[in-house]
Amino acid sequence: MASSGTAPLHLAVVVHGLFGSDVDLFKPAQVMRQVLADETGGKGEEEDGDVMVFVPKSNNGGLTLQGIEACGSRLVEEISNLVKNHKSLRTISLIGHSLGGLLTRYAAGQAYDPEKKTIFGLEPLHYISVVTPHLGNNDNYMTDIRNEDSVTPCLRWMGQIPCLGKVLAFLFHVFESFFVSLCLRRTGRDLFLRDGEPPIVVKMASSDEKVPYLDALASFKERTCYGNIRGDHLVAWENATIRRKCDLPKISSKDAPYGVVHEEVSKADPPEGQGETTSKKSTCEIREPLIANLEKMSWRRVDVKMKASRKLMDVPWCLPHDTILYRKEHSDSVFKAISGSVAKKLA
């Protein structure tokens, strides 16, 4: 590895989620810079040593409501400009929290060169998502909501309230379109697969699109997804880790320790040229092709258990979906692991 002070060779882009900003990723980015600096001989500054850890600012706050395509296009422009101004860069890793994981997939597809197999003109090393709704949000609340794949967890919990649950689920089912459009705007329609035919989330997990989203994702040397095993109010465990509920490992959420509780590396399913995919089926018909296409490439799946935070003077009150960023012991452990994964690919 090069010594401190040299021009950066590797670009690690870290992207925030819905309603987020670059400020949300200040501490995680610091952790990554320090770990990567220890590995590559830098001092932990943004452009020091072999690795540049970059946090985009083009989609801060309310701009994240403008939809995956608008936000993704701004992200493409921002990263492209950065790469043009840093001619020394050779490789790239993309890391996204929540919606940020979808935006990085969109950006990778748009910036992918099929002939050179590069993204933004750089060799793709690692794609990492942290509690990202890869399959969108399932709005099928009127069936067996306990067993339905990828239902938004807070809506699943609401639907299971004794006596009132079915009433509340029905009311949300009736008014969902209005509520989602009012509160989450275009991004809400994208996530609930109501933005067109086919929806953008479906396009990004399809192999017959003009934009090579799947080919771009497959070009990374490694793909990792992190998911909360309990308490995440926005993204279901199976959604974040690209699984069906029947694929989830048998883990006691009550007895498991906080932090990383399970990790597995799956091979491509099926191996290239070996016929059909697994016979397992998602309970949500529209999501089965998405899962089947995404699991045709290998994934490292990391299952974590996070604490909720109620210390208003310490960090924002938030549930496990966000404590992975805000609560120091969780942010440090997860982003140290992410940095270690990136560093291994640089060795």
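Notes on the structure follow. All chains use their own residue numbering, which begins from 1 and follows the written sequence. Local features in this predicted model are restricted to residues of pLDDT 70 or higher, and side-chain atom pairs are both shown and tallied only at a pLDDT of 80 or more, whereas totals for entire chains, interfaces and linings draw on every residue. With hydrogens and water stripped out, all remaining heavy atoms of the structure feed into the side-chain values.

### A closer look at the pairing of strand E2 (residues 51-54)
Inference 1: Side-chain alternation along E2 places Val51 and Val53 on one buried face and Met52 and Phe54 on a second face that is also buried.
Inference 2: Relative to E2, strand E1 (residues 10-15) runs parallel, the two sharing four bridges. Considered in E2, the bridge of Leu11 is made with Met52. Each residue gets one of three labels from its accessible area relative to the maximum for its type: buried under 20%, exposed over 50%, partly exposed in between, using a 1.4 Å probe on protein chains only. Only runs of H or I of at least four residues qualify as helices and only runs of E of at least two qualify as strands under DSSP, and these elements are numbered from the N terminus. Any two strands are treated as partners once DSSP identifies two or more bridges connecting them.

### With respect to the side chain of Thr187
Inference 1: Turning to its location among the elements, Thr187 is positioned in helix H5 (residues 165-191).
Inference 2: When its relative accessible area of 0% is taken as the criterion, Thr187 is described as buried.
Inference 3: Throughout this description, a polar contact denotes any pair of N or O atoms lying within 3.5 Å of each other; where both atoms belong to protein, one of them has to be capable of donating a hydrogen while the other can accept it, and for residues adjacent in sequence the pair is counted only when both atoms sit in side chains. Within polar-contact distance, the side chain of Thr187 engages the backbone nitrogen of Gly67 at 2.9 Å.

### As for empty space enclosed by the protein
Inference 1: Each cavity reported here is a set of points on a 1 Å grid over the protein atoms alone in which a 1.4 Å probe fits but cannot get out, each pocket an open set with protein on both sides within 12 Å along at least five of seven lines, and each lining residue one with an atom within 4 Å of a point. Grid points are joined across faces, edges and corners, and a volume is the space filled by probe spheres set on the points. For the structure shown, the criterion picks out three cavities of 30 Å³ or more.
Inference 2: Taken as a whole, the second largest cavity holds about 40 Å³ of empty space.
Inference 3: Arg105, Ala108, Met204, Tyr213, Ala216, Leu217 and Phe220 are the residues that line the second largest cavity.
Inference 4: It is helix H7 (residues 213-218) that contributes the most residues to the lining of the second largest cavity, three residues altogether.
Inference 5: All amino acids are sorted into three groups, where Ala, Val, Leu, Ile, Met, Phe, Trp, Tyr, Cys and Pro are nonpolar, Asp, Glu, Lys and Arg are charged, and the leftover types, Gly among them, are polar. Its residues assigned to classes, the lining of the second largest cavity shows six nonpolar, no polar and one charged.

### Structural notes on the packing of aromatic side chains
Inference 1: For Phe, Tyr and Trp, where Trp contributes only its six-membered ring, two rings pair if their centres lie within 6.5 Å, and the inter-plane angle classes them as stacked under 30 degrees, edge-to-face over 60, or tilted in between. Under the counting rule described, the total for this entry stands at three aromatic pairs.
Inference 2: Note on Tyr106 and Tyr213: the rings are 5.8 Å apart at their centroids and 35° apart in plane angle, and the pair reads as tilted. Of the two residues, Tyr106 is situated in helix H3 (residues 99-110) and Tyr213 in helix H7; the sequence distance between them amounts to 107 residues. Here the two residues Tyr106 and Tyr213 agree in accessibility, since each one is buried.
Inference 3: Ring centres of Tyr127 and Trp299 lie 6.2 Å apart, and the angle between their planes is 85°; on these two criteria the pair is classed as edge-to-face. With Tyr127 in strand E6 (residues 123-130) and Trp299 in strand E9 (residues 299-305), the pair connects residues that are 172 residues apart, well separated along the chain. Side by side, Tyr127 and Trp299 carry an identical accessibility label, which is buried.
Inference 4: An aromatic cluster is defined as three or more aromatic residues linked by ring pairs; in this entry it consists of Tyr127, Phe220 and Trp299.
Inference 5: Only lysine NZ and arginine CZ atoms are considered, and such an atom sits over a ring when it is within 6 Å of the ring centre and within 35 degrees of the ring normal. Across the ring face of Tyr258, the terminal group of Lys305 is positioned such that the distance to the ring centre comes to 4.7 Å.

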